[in-house]
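Summary of the model geometry
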Amino acid sequence: MQRILIGLLVLSPLVGFTQGEWNQKFEQLGTSLPTANSYRNASGAPGKDYWQQRADYVIDAELNDENQSLTGKETITYFNNSPDQLSYLWLQLDQNMRSKSSDTPLIVENEMTKAMSGRDIQKIVQEYDFDGGFKISKVTDANGKPLKYMINKTMMRVDLPSPLQSGEQISLNVDWSYNIQDRMPLGGRSGYEFFPKDGNYLYTIAQWFPRMAVYDDMEGWQHKQFLGRGEFALEFGNYKVKLTVPADFVVASTGELQNPNQVLTKAQLTKLEEAKQSFDKPVIIVSEEEARKAEQKRASAKKTWEYHASNVRDFAFAASRKFIWDAQAVQLETKTPLAMSYYPKEGNPLWEKESTKAVANTLKTYSRHTVEYPYPVAISVHSASIGMEYPMICFNFGRPNEDGSYTDAVKWGMIGVIIHEVGHNFFPMIINSDERQWSWMDEGLDTFVQSLTEKEHYPAKPLKRGEARLIVDYMKGDKEGIRPIMTNSEQILQFGENAYAKPAAALSILRETIMGPELFDYAFKTYSERWAFKRPSPADFFRTMEDASAVDLDWFWKGWFYTTDHVDLSLSKVKWFKMEIPENEIENKAKKSKKANISSGEKNQNLMDFAQEAETFYMTETVPSAVSKRFNEFMNKTDDQGIMKANADRNFYELTFENKGGLVMPIILQWTYEDGSVEREYIPAEIWKKNENVVTKVFAKFKKVTNIVIDPEKETADVAIQNNVFPRIENNSRFDQFQNGGE
Ligand SMILES: [Zn+2]
């Protein structure tokens, strides 16, 4: 109570309306979010009428190793769970990104330079040379009757003879083929790698069949064209897939193998069973020796591998006669999925040591922070130069030198990408966000949990993303090159920083600094549980994080996700006061004090040091208010003498903070006292609620302060730390001496 009274006395002359320009930095998100409805409610959860479509697939496909092509036929059964009737269906033809009619090469900006490498030239001419894209040979209804269809680049509209009513389902058949591209020169999320030394191919196959486009309550048909960057929007469904390959190939796939007896040897079957009981280390199912032998021959016979998968949003596979295969069981809370890796000898010795272990570690940490991993297998496939994710299976880089040696950078890079891509099983394969719109919803959330996984299982690994300090250089960069996180995937600049690093750093700041791990983890898990096997929007995430924590985060989403502002808080003024103790009784001082201008602070203007002595202020008699009767009743009980006595030794520090970067943030203060002791204070971001530019606040301390630092542990991504320190120091490196750890 005493402190409030003194506070009133000192602050009253300072409180005014000098707030500068108002840019709504600290505001409710309000109209920026869509209006809640019965499909998705205002707490960020699926609403009572939530619905989503379903698409089941039966696919029969053959991989041709002679000419690197794929031929397939599928039956799609589409369930219209929407309240709407649909007179046509949209299918995604992702391979058409490589067709002659593709927009992708047309919209790439490029220019000639005086000296161009073969690769530079290839990038310009390759699009003219490769015969890519789906060749659709048949689209019929369940009875084989042709359906009318129209192909618009990467989307195909199938016109229905009569509208598909709400609650109805329809089956259609599509036959197709396409040439698989050499991923090394042409790039891409799937394709093949050719190994000239042994003449073999390693296929990583995805976006390989016509897939249903999404129809939902937010977009209607989500058929924004696939241009290459913005990833995928997909429906859940069940898959039955038969993959015919040369008989000496090993196939790794989404789903569970249905016919192991037909495609594996007795010894391999035994090893696979052994792996299901091995929780501490992988069991080799196909050894390097076997793979080396297989490389030398070419089977003329074929084998068909059958895989089934339930409740997945996509299906991918990899195939090669070069594959080594290992597997181990992972003990989760209630489930024991198999972690598996497939890699050519070129991946060893690194892959047999680290890959499956990294898969297992990922499943454990992510299952704790999100939902328990629901699928029977999780696979990491060695794939030069890319990292790409699909349900239960992902393709990852990390290749040692030819003699088997490798640097730490290669090892950590490989472990990092495996954790990241396996982590994508959770975002977006299970928590099924729309990647075509929002890259951050899967990349950012995944990168954040990736950083938690790395810290837990690989403390020696240098963290690349997921901490405040790692985003500073990007945040303070030229704003011309920065877009808000809430930007469509195709329009993002500095993709890795925007979609991965910044949201991961923002979530880390939320967890470690603003909410604390207990509130954050509960809310983050709630979001994951609410939206597992459903389709969340950005608003569902923002709302759930608040809903489950009782922390108003609108200002945080606004600053970090909707703007390109950065954090730069400055400690701009420090004034030191002490109470002057009157020789006579308090009443006599009242008149005198009215003339005293205690806020001039002349002795305190120097930012390089504290004043030699404190400014003084007088305490006045608490006089009755002319306007408030209630105040007077209360004030009559005020013990002025007691207050003076209690605070005579106090130092009053009036601090002025400026928000120079635009992002409002909590003010974390570290006080160092004359006796060497240190105290931390946390001022919530709400301090900026009425003035987003500059705030002034008084702190009363018995001890004399020698040093004040804002954000001593560098946990808020403040881009200019020189102005965080009082007294100012000329040499920046000295800032470190005011920190306790913090890296
Ligand atoms: Zn990713």
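Scoring rules and cut-offs
- Residues numbered from 1 in each chain as written.
- Predicted model: local features only at pLDDT ≥ 70, side-chain atom pairs only at ≥ 80, totals over all residues.
- Heavy atoms only, no water.
- Helix = DSSP H or I, 4+ residues; strand = E, 2+ residues; numbered from the N terminus.
- Buried < 20%, exposed > 50% of the residue type's maximum accessible area, 1.4 Å probe, protein only.
- Contact = heavy atoms within 4.5 Å.
- Areas by Shrake-Rupley, 256 points an atom, 1.4 Å probe, with all protein chains shown as cover.
- Lys, Arg positive; Asp, Glu negative; His and termini not counted.
- Charge placed at Lys NZ, Arg CZ, Asp CG, Glu CD.
- Polar contact = N/O pair within 3.5 Å; in protein donor to acceptor, adjacent residues only side chain to side chain.
- Donors = N, O, S within 2.8 Å, 3.2 Å for Na, K, Ca; no water.
- Tetrahedral: all angles 85-135°; square planar, octahedral: opposite > 155°, others 65-115°.
- Expected span 1.5 Å × (residues − 1).
- Phe/Tyr/Trp six-rings, centres within 6.5 Å; stacked < 30°, edge-to-face > 60°.
- Lys NZ or Arg CZ within 6 Å of the ring centre and 35° of its normal.
- pLDDT = per-residue confidence, 0-100.

Time to look at the overall build of the protein. Each helix and strand counted, the protein has 18 helices and 31 strands in total. Looking at the 743 residues of the protein, the share that counts as buried comes to 57%. Looking at the protein alone, contacts between residues at least 24 apart form 76% of all its contacts between residues at least 6 apart. Total accessible area on the protein is roughly 32,400 Å²; 49% of this is exposed by carbon and sulfur atoms. Averaged over its 88 positive side-chain charges, the protein has a centre that lies 0 Å from the centre of its 104 negative ones.

Once that is clear, we can look at the side chain of D56. Among the secondary structure elements, D56 is positioned in strand β1 (residues 54–64). At 2.6 Å, the side chain of D56 forms a polar contact with the side chain of R54. Excluding residues that lie within four positions of it along the chain, D56 makes contacts with T75, I76, T77, F79, G237 and N238.

Take the environment of A648 next. One can find A648 in the loop between α18 (640–647) and β26 (651–659). Along the primary structure A648 and P83 are separated by 565 residues, whereas in three dimensions their C-alpha atoms are 73 Å apart. Here A648 is in contact with K578 and I581, once residues within four sequence places are set aside.

Donor atoms from the polypeptide that bind the zinc ion are H420 (NE2), H424 (NE2), E443 (OE) and E443 (OE), placed at 1.9 to 2.8 Å. Geometry at the zinc ion is irregular, judged from the four donor atoms that bind it and their angles of 52 to 150° at the metal. The sequence motif formed by the donor residues of the zinc ion is H-x3-H-x18-E. You can see H420 sitting in helix α8 (residues 408–423) and its partner E443 sitting in helix α10 (residues 440–457), a full 23 residues away along the chain.

Take helix α13 (residues 517–531) next. Quick reminder: α-helices carry 3.6 residues per turn. Residues three or four places apart thus point the same way. Between the first and last C-alpha of α13 there are 21 Å, a value that for 15 residues agrees with the 21 Å anticipated at 1.5 Å per step. Looking at α13, one finds that the buried residues are F520, A523, F524, T526, Y527, S528 and W531. Remark: F533 follows α13 within two positions and exhibits a positive phi of approximately 60°.

It is worth spelling out the packing of aromatic side chains at this point. Both the distance between ring centres and the angle between the ring planes are used here to describe each pair of aromatic rings. Overall, the coordinates contain 55 aromatic pairs when judged by the stated rule. Between the aromatic rings of W208 and F209, the centroid separation amounts to 4.9 Å while the plane-to-plane angle is 75°, which identifies the pairing as edge-to-face. Across the pair, F209 and W208 agree in class, each one buried. Taking NZ or CZ as reference, R157 lies 6.0 Å from the ring centre of Y88, over its face.

Bringing the confidence of the model for the protein into the picture now. The share of residues in the protein with pLDDT of 70 or more is 91%, and the mean pLDDT across the chain is 91. Across residues 1–16, confidence stays below pLDDT 50; counting only partners more than four residues off in sequence or on other chains, it has 25 contacts. Every residue in residues 738–743 scores below 50 in pLDDT, and together they form 15 contacts with partners more than four places removed in sequence or on other chains.

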